[in-house]
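Commentary on secondary and tertiary structure
So the chains spell out like this:
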Amino acid sequence: MATPFARHAPALLGALLLASLSGLPLSAAASSSALPQQSIQSHKPDPEALLIEVYKDLGSNRLQQAQAKADALVAAYPNFRLGHLVRGDLLLMHARPVRNFGAIPDGHTDKLKDLRAEAMVRLKSLQERPDPAMIPRPVLQMAEDQKNVLVVDTTRSRLYVYENQGGQLKFMTDYYVSQGRYGVNKAKEGDQRTPLGVYYVNARIPGPKLPDFYGTGALPINYPNEWDKRNGRSGSGIWLHGTPSDNFSRPPLSSDGCVVLANPDLQSLYATAEVGKTVVVISDNVQFIKRAEWDQERNSAGKLLDRWQQDMESPDADKLLTNYSASFRSSLGESLSTWYQRQQKSLNGARLSNVKLRDVSLFRYPGREDMIVSTFVQEASIGKAKNTVRKRQYWVKEGSQWKIIYEGNA
């Protein structure tokens, strides 16, 4: 005789999966290639791996195994609310049919909606996990002293970690993240949006110095950056940070603009992040390209700097200025001619020679196919003296030519 658990299986499989995944093929979502890497906390199971295994067992009608894994999930992560919701549905099947995801009697509608959104984003992003052999298009070149880069895709609610291995990018892992309550394209203080752009970690704040709301630590970034300021964007306090101790994760759209991770994931990033070096690229749709295409785009971007470097040594000022846009503005709002005259005045008639660039990084700016931001250390001779300065440039494509629209110390 079939148990109530087994009798209600068709209702769960037909309604729970379809309602929560909105047509997402379970077999694809639960394939072994889609499973995330094991958490660095090796003594605890990866929560997403367990969650996806629960759905995999449901799809194969292995309900007892699904229950066991759901039990293990909430035992390992008692503050993982989505895990409790899934487990609750499984337990509820013992008594009656479950016709939708989160079938809690008298459940809070908004909270259930948030948990459903989290489940959908997690499973969908795992299904669409990029091939590790592909490269995120915004990352053209990393400096030798940059250990890794953090690439946030807000559409997928995902943060991808790539390691710099001798100038080559290697995919390491990825994490679920939450973002601004009203999405992206931050423009002003208090709009509860997450900015899009290329940013640098500019501080490390340990958990004990923070309220519990921020979890086990925080990595502030330099929003607004030079381009944000140029475009009149305001606000501050955009961080990568953890979650309160009573909540393992937050809904996809729930922060005041920060990028929020589960505390174990934040700790992993915190351990390797370097102030002034670790780059955080925030995009609303990260493209991943083949290595051959990446090499070609990186080489093309590098040639822009090579040409500019050579023209820096030229006594012909007109030749150097052909690298700059007529729309150029300095950090002080100066036009190109005013800025250039000030630069020349500071040299007291001397000329730059033996210009060398090192620690060069190049990033394609998110949302702008026609913009590249470069950061580097410039070493040059000024008469008999040596000068070393760290610079940042923003290049834009005007017609078929690339021009510098901003340049300043970094």
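Residues numbered from 1 in each chain as written. Predicted model: local features only at pLDDT ≥ 70, side-chain atom pairs only at ≥ 80, totals over all residues. Heavy atoms only, no water.

The next subject is the sheet that holds strand S15 (residues 352–364). The sheet built from five strands is open, its strands ordered S2-S15-S16-S17-S18 with antiparallel pairing. Strand pairing shows two members of the sheet lacking a second neighbour, strand S2 (139–141) and strand S18 (401–409), which therefore form its edges. Across the sheet, the mean angle separating the axes of adjacent strands is 30° when strand polarity is ignored. Examined bridge by bridge, S2 and S15 share two bridges and lie antiparallel to one another. The residue of S15 that forms the bridge with Gln 141 is Leu 362. Along the sheet, helix H10 (residues 291–312) contacts S2, S15, strand S16 (371–382), strand S17 (385–398) and S18; its crossing angle with S15, the most-contacted strand, is approximately 155°. (Pairing = 2+ DSSP bridges. Helix = DSSP H or I, 4+ residues; strand = E, 2+ residues; numbered from the N terminus. Axes fitted to C-alpha atoms, helices over the stretch in contact; angles between N-to-C directions. Contact = heavy atoms within 4.5 Å.)

Further remarks concern the packing of helix H4 (residues 47–59) against helix H6 (residues 81–92). One way to put it is that H4 packs onto H6 with a least axis distance of 11 Å and a crossing angle of 20°. With respect to their mutual orientation, H4 and H6 come out roughly parallel. Every pair of crossing elements has a handedness; the one defined by H4 and H6 is left-handed. Contacts between H4 and H6 involve Leu 51, Val 54, Tyr 55 and Leu 58 on the former and, on the latter, Leu 82, Val 86 and Leu 90. Of the residues that constitute the contact of H4 with H6, the class distribution is seven nonpolar, no polar and no charged. (Parallel < 35°, antiparallel > 145°, perpendicular 65-115°, else oblique. Left-handed = near helix turned anticlockwise from the far one by under 90°. Nonpolar A, V, L, I, M, F, W, Y, C, P; charged D, E, K, R; others polar.)

Turning to the nonpolar core, a few remarks are in order. By size, the foremost hydrophobic cluster in this structure holds 49 residues, and its most contacted members are Val 149, Leu 159, Leu 240, Leu 261 and Leu 269. Not counting residues up to four positions away in its chain, the partners in contact with Val 149 are Val 139, Met 142, Tyr 160, Val 161, Tyr 162, Leu 169, Val 279, Val 281 and Phe 363. In terms of nonpolar packing, the next biggest core, distinct from the first, is built from 25 residues, Ile 52, Leu 73, Leu 82 and Leu 112 among them. (Core = buried A, V, L, I, M, F, W, Y, C linked by side-chain atoms within 4.5 Å. Buried < 20%, exposed > 50% of the residue type's maximum accessible area, 1.4 Å probe, protein only.)

A separate point is helix H12 (residues 336–346). Listed as buried for H12 are Leu 336, Trp 339 and Tyr 340. Along the axis of H12, the buried positions cluster into a sector of 95°, meaning they face one direction only. Counted as exposed and oriented over 90 degrees from the buried face of H12: Gln 341 and Lys 345. For H12, the secondary structure elements touched by its buried residues are helix H11 (317–321) and S18. Among the residues trailing H12, Asn 348 stands out with phi positive, at a value near 55°. (Arc of directions from axis to C-beta.)

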